[in-house]
Amino acid sequence: MIQLMRRLWKLSKEKPMRRCIACMESKAQDELFRLVDEGETISFDFTRRKIGRGAYVCKCKDCFDRACNKRAFERVFKRKISQANIEMLRGEFDAKIQV
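Residues numbered from 1 in each chain as written. Predicted model: local features only at pLDDT ≥ 70, side-chain atom pairs only at ≥ 80, totals over all residues. Heavy atoms only, no water.

Helix and strand content of the chain: 4 helices and 5 strands. The 99 residues of the chain split such that 33% are buried. Nonlocal contacts in the chain, meaning residues at least 24 apart in sequence, comprise 50% of its contacts between residues at least 6 apart. For the chain, the exposed surface amounts to about 7,000 Å²; the carbon and sulfur share of it is 53%. (Helix = DSSP H or I, 4+ residues; strand = E, 2+ residues; numbered from the N terminus. Buried < 20%, exposed > 50% of the residue type's maximum accessible area, 1.4 Å probe, protein only. Contact = heavy atoms within 4.5 Å. Areas by Shrake-Rupley, 256 points an atom, 1.4 Å probe, with all protein chains shown as cover.)

What follows is the structure in C-alpha cells.
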C-alpha cells in the first residue's frame, strides 16, 4: 500500500518550471533550451547534465534573437560574451530547431 502511494505521489508531481531570459515567461523545463557558462564559452546543454551556471531560452527563434539583442546572455552570466560565441550558439540553435 505504501509503495502504491509513493508511486502515485511521484506521478502527480508537477514538472519543474523555468523562466526564459528573453520573454520572461515561465514554462515547463522541457519546453526550454538550457544554456551553461563553461568558463570561457557559453554552450547549450541539451541533456541538462552539465555543471555550471545555467539559463533558459524558449525553443523559438524570436526568443533567441531577442535574447541576443537585449544582451540577456551577458546580464544572466554577468560577463562579456564574444560575438563569435553568440554566432556559435546561433548555429547550434538553428540546427536543433530544424531537426
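For the rest of this paragraph, the subject is the sheet that holds strand E5 (residues 54-58). Strand order in the open sheet formed by 3 strands is E4-E3-E5, with antiparallel pairing between adjacent strands. Only two strands of the sheet have a single neighbouring strand rather than two, namely strand E4 (42-44) and E5. Ignoring which end each strand starts from, the neighbouring axes of this sheet average 30° apart. As paired elements, strand E3 (residues 32-37) and E4 share 3 bridges and run antiparallel to each other. The residue bridging Val36 from the neighbouring strand is Ser43, located in E4. Packing against the sheet, helix H4 (residues 83-98) makes contact with E3, E4 and E5, and its axis sits at approximately 5° to E4. (Pairing = 2+ DSSP bridges. Axes fitted to C-alpha atoms, helices over the stretch in contact; angles between N-to-C directions.)

Looking now at the pattern of salt bridges. The final tally for this structure, using the stated rule, is 9 salt bridges. A salt bridge links Glu74 to Lys80, with the shortest nitrogen-to-oxygen separation between them at 3.8 Å. Overlapping salt bridges, with partners in common, bring together Asp65, Glu87 and Arg90 in one network. (Salt bridge = Lys/Arg side-chain N within 4 Å of Asp/Glu carboxyl O.)

Time to look at unusual backbone geometry. With a phi angle near 60°, Arg71 is a residue other than glycine that sits in the positive phi range. Take Arg71: it is sitting in the loop between helix H2 (61-69) and helix H3 (72-77). In this structure, Lys78 is a non-glycine residue whose phi angle is positive, near 55°. For Lys78, the location among the structural elements is in the loop between H3 and H4. On the accessibility criterion, Lys78 (67% relative accessible area) is exposed.

Membership of the largest hydrophobic core comes to 24 residues, with the highest contact counts inside it found for Leu35, Phe44 and Phe73. At the level of secondary structure, the elements contributing two or more residues to this core comprise E3, E4, E5, H2, H3 and H4. Those residues in contact with Phe73 that sit more than four places away from it in its chain are Ile21, Leu35, Phe64, Ala67, Cys68, Lys78, Ile81 and Ile86. (Core = buried A, V, L, I, M, F, W, Y, C linked by side-chain atoms within 4.5 Å.)

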